[in-house]
Amino acid sequence: KVRELISRLHLRHSIAIIGAGPTGLAAAYQLRRLGYWVEIFEAEKRPGGMLSYGIPAYRLSKNILREEIKNNILSLMGIKISLGVKVDHSLCVDLLKRFDVVLMAVGSQRSRKLYIKGEDGNLQVVSGLEFLRKINLGEKPDIGEIVAVVGGGNTAIDAGRMAKKSGAKQVSIIYRRREKNMPAFKSEIEAAKQEGINI
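Remember, predicted model here, so these are calculated numbers, not experimental data. (Residues numbered from 1 in each chain as written. Predicted model: local features only at pLDDT ≥ 70, side-chain atom pairs only at ≥ 80, totals over all residues. Heavy atoms only, no water.)

(A) Spatial organisation of the nonpolar core. Residues Phe131, Val149, Ile157 and Val171 are the most contacted members of the largest nonpolar core, which totals 19 residues. At the level of elements, helix H6 (128-136), strand S5 (146-150), helix H7 (154-165), strand S6 (170-174) and helix H8 (186-194) are the ones that each hand at least two residues to this core. Dropping the residues within four chain positions of it, Ile157 is found in contact with Tyr58, Ile173, Met182, Ala184, Glu188, Ile189 and Ala192. Grouped together as the second largest cluster of nonpolar side chains are 17 residues, Leu31, Tyr36, Ile40 and Val101 included. (Core = buried A, V, L, I, M, F, W, Y, C linked by side-chain atoms within 4.5 Å. Buried < 20%, exposed > 50% of the residue type's maximum accessible area, 1.4 Å probe, protein only. Helix = DSSP H or I, 4+ residues; strand = E, 2+ residues; numbered from the N terminus. Contact = heavy atoms within 4.5 Å.)

What follows is the structure, given as C-alpha cells:
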C-alpha cells in the first residue's frame, strides 16, 4: 500500500498520516526516506498502536519499543508527531486542505464478538484486546479468581497468561477446534500450559 501511495504522489510533498501504529510508523519512515515531509496524528498518548497496547510486556519490552520508535523513526528530521489528537470529521477536512495526501492508518483494534446473551454491557464479559489494553496502561482490572478465555489465537493466549499473572487462580482457554489447529504460536501455547493454564 505504501508503494501504491508513493506511485501516486509525483511532485506532492506533504503527507498527513492518521495513526501511529505499525502501518503509520512504517509509512512515515519510508516516505521520509524518499524526501516527503510527514506529520503523524495519533489519538493515543503514545505511538505504537497494537505494539504498545495489545502485546504484553513479557513478549515485547515497552522500553525497547519506545526507544526503537523514538530513535529510528521520530528522530528523522521531517517527521512530526502529534499525540492525543483524535481525528474527527472537521479535523479530517482541515487535513485534506493542509496536506497533499492523507494516509489513513487507523488499525484494527476491535475484538470479534461472541454474540451471546448479555455480552454487551456485562462487566463479566471483556474483550481480550480491551483487557490487554488496560494491563498495558498500568490498570489492574478486577477479574476474579476463575477466568475463561474464548479463542485460540495469540490474543487469547496473551489474555489468559496475563489473567494468571494478574491473580486469577484458575484460567481456561476454550477453543472450538483441536489444540493442533490453534493459530497461536506453539511456543506461547506451551508457555501457557507450563504456567498452569487449562486449554
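Moving on, there is more to tell.
(B) Main features of the pairing of S6. The sheet contact formed by S5 and S6 spans five bridges and is parallel. What sits directly across from Val149, in S6, is Ile173. Each parallel crossover has a hand, and for S5 linked through H7 to S6 it is right-handed. (Pairing = 2+ DSSP bridges. Right-handed = clockwise from strand over helix to strand, strands pointing away.)

(C) Spatial organisation of the packing of H7 against H8. At a closest axis distance of 10 Å, the pairing of H7 and H8 adopts a crossing angle of 25 degrees. Classified by the angle between their axes, H7 and H8 sit roughly parallel to one another. When you trace H7 past H8, the crossing you get is left-handed. Along its contact with H7, which presents Asn154, Ile157, Asp158 and Arg161, the element H8 presents Glu188, Ile189, Ala191 and Ala192. Each residue belonging to the contact of H7 with H8 can be placed in one class, and the counts come to four nonpolar, one polar and three charged. (Axes fitted to C-alpha atoms, helices over the stretch in contact; angles between N-to-C directions. Parallel < 35°, antiparallel > 145°, perpendicular 65-115°, else oblique. Left-handed = near helix turned anticlockwise from the far one by under 90°. Nonpolar A, V, L, I, M, F, W, Y, C, P; charged D, E, K, R; others polar.)

(D) Focus on the pattern of salt bridges. Applying the stated rule across the entire model yields 12 salt bridges. Across the pair Arg59 and Asp158 runs a salt bridge, and its minimum N-O distance is 2.6 Å. One end of the pair, Arg59, is in the loop between helix H3 (50-53) and helix H4 (62-74); the other, Asp158, is in helix H7, and 99 residues separate them in sequence. We classify Arg59 as partly exposed; its relative accessible area is 30%. Among the salt bridges present, the one from Arg161 reaches Glu195, with a minimum N-O distance of 2.6 Å. Of the two residues, Arg161 is situated in helix H7 and Glu195 in the segment after H8; the sequence distance between them amounts to 34 residues. Under the relative-accessibility criterion, Arg161 is labelled buried at 7%. (Salt bridge = Lys/Arg side-chain N within 4 Å of Asp/Glu carboxyl O.)

(E) Here's a closer look at the pairing of strand S2 (residues 37-42). For S2, a buried count of five out of six residues is recorded, marking the element as mostly surrounded by other parts of the structure. Of the strand pairs in this sheet, strand S1 (residues 14-18) and S2 are connected by five bridges, and their pairing is parallel. Note that in S2 the partner of Ala16 across the bridge is Glu39. Read as a crossover between parallel neighbours, the route from S1 over helix H2 (residues 22-33) to S2 is right-handed.

(F) Fine view of the sheet that holds strand S4 (residues 101-104). Sheet architecture is open: four strands sit in the order S3-S2-S1-S4, paired in parallel fashion. Two strands lie at the open edges of the sheet, namely strand S3 (79-83) and S4, each paired on one side alone. Direction aside, the axes of adjacent strands within the sheet are offset by 20 degrees on average. Inspection of the sheet shows S1 paired to S4 by four bridges, in the parallel sense. Paired with Ile15 across the two strands is Val101, which belongs to S4. The sheet contacts of helix H5 (residues 89-98) involve S1, S2 and S4, and relative to S2 the element is tilted by about 175 degrees.

Any link to function would need more than the numbers given here.
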